Amino acid sequence: MFEIKTFLEKHSYERPNLNSLEYTREHYIGLEESSKLKDYFAYRKFTPEYIQVHVTIQYKNKVLVGIDAVNGLDLWEQTYLDAIEQYVEMRNAETMYGIDPVILKLTALDNNLLHFLIIDEWETKHIHAEAVLPEKEFLEALITEAEHF
């Protein structure tokens, strides 16, 4: 039901086309692309906590968080795993999404559901992603991808 993937953003000295809203897939390396990762790590000094990470989330073939969504540094350890820990302890979580003024919120609802929200911290409160999801299945999928990472 869930498809959660992690992508590393390639460092580049090429300036992206700022007139285009499309940030293409070629700017990222997926964790399953082992030969590309090996080449990239051999070429660059790689430190995982200082590389931009994109976490994409699909549920029932619907994209909740896509490759063009917000990204962040150290998203797995400092954002998603922290949120999971808070949620398990308090049935509610709120944490920074990377280092930008963006917040990830998980809130327990009735009937084993949770409210998933990625929202700007500043006024206008732009919503980057929002969904009501099955609690257990979602948390298990997140943990599985975190272990993969």
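For the structure, see preceding data.
Only a predicted model underlies this, so the values are computations on that prediction, with no experimental measurement involved. (Residues numbered from 1 in each chain as written. Predicted model: local features only at pLDDT ≥ 70, side-chain atom pairs only at ≥ 80, totals over all residues. Heavy atoms only, no water.)

> Please set out the packing of aromatic side chains residue by residue, giving values where relevant.
We describe a pair of aromatic rings using the distance from one ring centre to the other and the angle between the two ring planes. According to the stated counting rule, one finds five aromatic pairs in the structure shown. Here the aromatic rings of Y80 and Y97 are separated by 5.8 Å at their centres, their planes lie at 80°, and the arrangement is edge-to-face. With a gap of 17 residues between them, Y80 in helix α2 (residues 75–90) and Y97 in the loop between β6 (92–96) and β7 (102–109) connect regions that are remote in the sequence. Exposure remark for Y80: the relative accessible area of 1% places this residue in the buried category. Among the residues examined, Y97 registers a relative accessible area of 0% and is labelled buried. (Phe/Tyr/Trp six-rings, centres within 6.5 Å; stacked < 30°, edge-to-face > 60°. Helix = DSSP H or I, 4+ residues; strand = E, 2+ residues; numbered from the N terminus. Buried < 20%, exposed > 50% of the residue type's maximum accessible area, 1.4 Å probe, protein only.)

> Before we move on, can you summarise α2 with the specific residues and values?
Note on helix geometry: an α-helix contains 3.6 residues per turn, so any two residues three or four positions apart are oriented the same way. Look at α2: 21 Å from first C-alpha to last across 16 residues, which is about the 22 Å you get at 1.5 Å a residue. Considering bend angle alone, the principal kink of α2 is centred on L81 and spans about 30°. What α2 keeps buried is the set L75, W76, T79, Y80, A83, I84, Q86 and Y87. Positive backbone phi, approximately 60°, marks R91, located one or two places after α2. (Expected span 1.5 Å × (residues − 1). Bend = angle between axes of the 7 residues up to and from the residue.)

> Can you lay out the environment of K125 for me, pointing to particular residues and giving the numbers?
Along the chain, K125 turns up in the loop between β8 (113–120) and β9 (127–134). Residues K125 and V102, spaced 23 residues apart in sequence, show a C-alpha to C-alpha distance of 9.1 Å. Apart from the residues lying within four places of it in its own chain, the contact partners of K125 are I119 and D120. A polar contact of 2.9 Å, which involves the side chain of K125, links it to the backbone oxygen of E121. (Contact = heavy atoms within 4.5 Å. Polar contact = N/O pair within 3.5 Å; in protein donor to acceptor, adjacent residues only side chain to side chain.)

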